[in-house]
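What the coordinates show
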Amino acid sequence: MKFFVDTADTAEIRDLAATGLLDGVTTNPSLIHKSGRQFLEVVKEICGIVDGPVSAEVVALDHETMMKEAEILRKIADNVCIKVPLTIDGLKTCKALTSDGTQVNVTLCFSANQALLAAKAGATFISPFVGRHDDNGFDGMQLIDDIRLIYDNYAFDTEILVASVRHSIHVLEAAKIGADVMTAPPAVIKSLFNHVLTEKGIAAFMADWAKTGQTIG
Ligand code: G3P
């Protein structure tokens with residue numbers, strides 16, 4: 001499963017990129033707002049940190065203006081992936097852009113039928129929001145399971161990008177189902193390293209090593 005980080009914080013992106021774990025980055029208008037930076041400038045910087053897809057979202061709601069915004073965004077770098085909402089205009093934009101060889105991430109997916117529409121429109125990625133689905137009393141992971149089944153039934157190439165990931169169990173379940181990608185905030189990705197027995201083991205080894213009085217080198 002590919003790991004994308006869901007942030008516009010370039011210091012966090014650099015830190016995670018250094019682990020070799022990072023396959024891409026996703027941003028959205030809320031994350032750009034949180035960064036306090038200029039959208040185009042921050043996307044350009046992120047594209048220089050990671051080689052993989054960097055999702056940058058259009059903010060227009062009509063197809064024509066979405067295409068104009070996408071034109072500006074895709075000129076930033078070759079690894080820009082245009083993010084569009086799951087609407088009729090969003091999918092028209094998806095079809096036009098992917099036919100032209102541009103990567104498209106269709107976002108705000110909350111049903112398997114919506115995911116089917118996105119795949120038929122040629123989406124590179126579909127982003128079902130598991131956390132927000134759970135928040136509203138639905139089963140986010142069941143949604144991923146259903147999309148996996150449908151995409152496999154028809155051999156769609158669209159990659160399932162599990163979004164709105166809130167904790168390590170979302171990551172685990174997404175991997176067990178066979179999602180292609182997950183995007184999560186830096187803190188969730190870092191939490192995957194944690195295990196009480198790893199920490200306990202390191203503490204015990206360090207204590208015993210200190211008792212040897214030795215150094216390496
Ligand atoms: O980038 C889209 C998605 O990952 C947002 O997550 O936590 O705001 O629902 P969240």
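Notes on the structure in this doc start here. From a predicted model like this one, the values you see are computed outputs, not experimental measurements. (Residues numbered from 1 in each chain as written. Predicted model: local features only at pLDDT ≥ 70, side-chain atom pairs only at ≥ 80, totals over all residues. Heavy atoms only, no water.)

1. Side note on the pattern of salt bridges
This model, assessed by the stated rule, comprises 14 salt bridges. Residues E57 and K83 are paired through a salt bridge, measuring 3.8 Å at the closest nitrogen-oxygen approach. Here E57, found in strand β3 (residues 54–57), pairs with K83, found in strand β4 (residues 80–85); they are 26 residues apart in sequence, far enough to count as distant. Comparing E57 with K83, the two get one shared label, buried. Note that K176 and E173 form a salt bridge whose closest N and O atoms lie 3.5 Å from each other. Within this pair, K176 and its partner E173 are both found in helix α9 (residues 168–177), separated by three residues, close to a single helical turn. Given a relative accessible area of 58%, K176 falls into the exposed group. One continuous salt-bridge network, built from bridges that share partners, spans R14, R37, E41 and E45. (Salt bridge = Lys/Arg side-chain N within 4 Å of Asp/Glu carboxyl O. Helix = DSSP H or I, 4+ residues; strand = E, 2+ residues; numbered from the N terminus. Buried < 20%, exposed > 50% of the residue type's maximum accessible area, 1.4 Å probe, protein only.)

2. Some words on the pairing of strand β7 (residues 159–162)
Two faces belong to every sheet, and in a regular strand the side chains alternate between them. Residues of β7 alternate between two faces, with E159 and L161 on one and I160 and V162 on the opposite face, all of them buried. Alignment of strand β6 (residues 125–128) against β7, held across two bridges, turns out to be parallel. Bridged to F125 within β7 is E159. Relative to strand β8 (residues 181–184), β7 runs parallel, the two being bridged by two bridges. Paired with V162 across the two strands is M182, which belongs to β8. (Pairing = 2+ DSSP bridges.)

3. Looking at unusual backbone geometry
Negative phi values dominate among residues other than glycine, just as trans dominates among peptide bonds. The phi dihedral of L108 is positive, around 60°, even though this residue is not glycine. By secondary structure assignment, the location of L108 is in strand β5 (residues 104–109). Relative accessible area serves as the criterion here: at 33%, L108 is assigned to the partly exposed category. Even without glycine at this site, A155 takes up a positive phi of about 50°.

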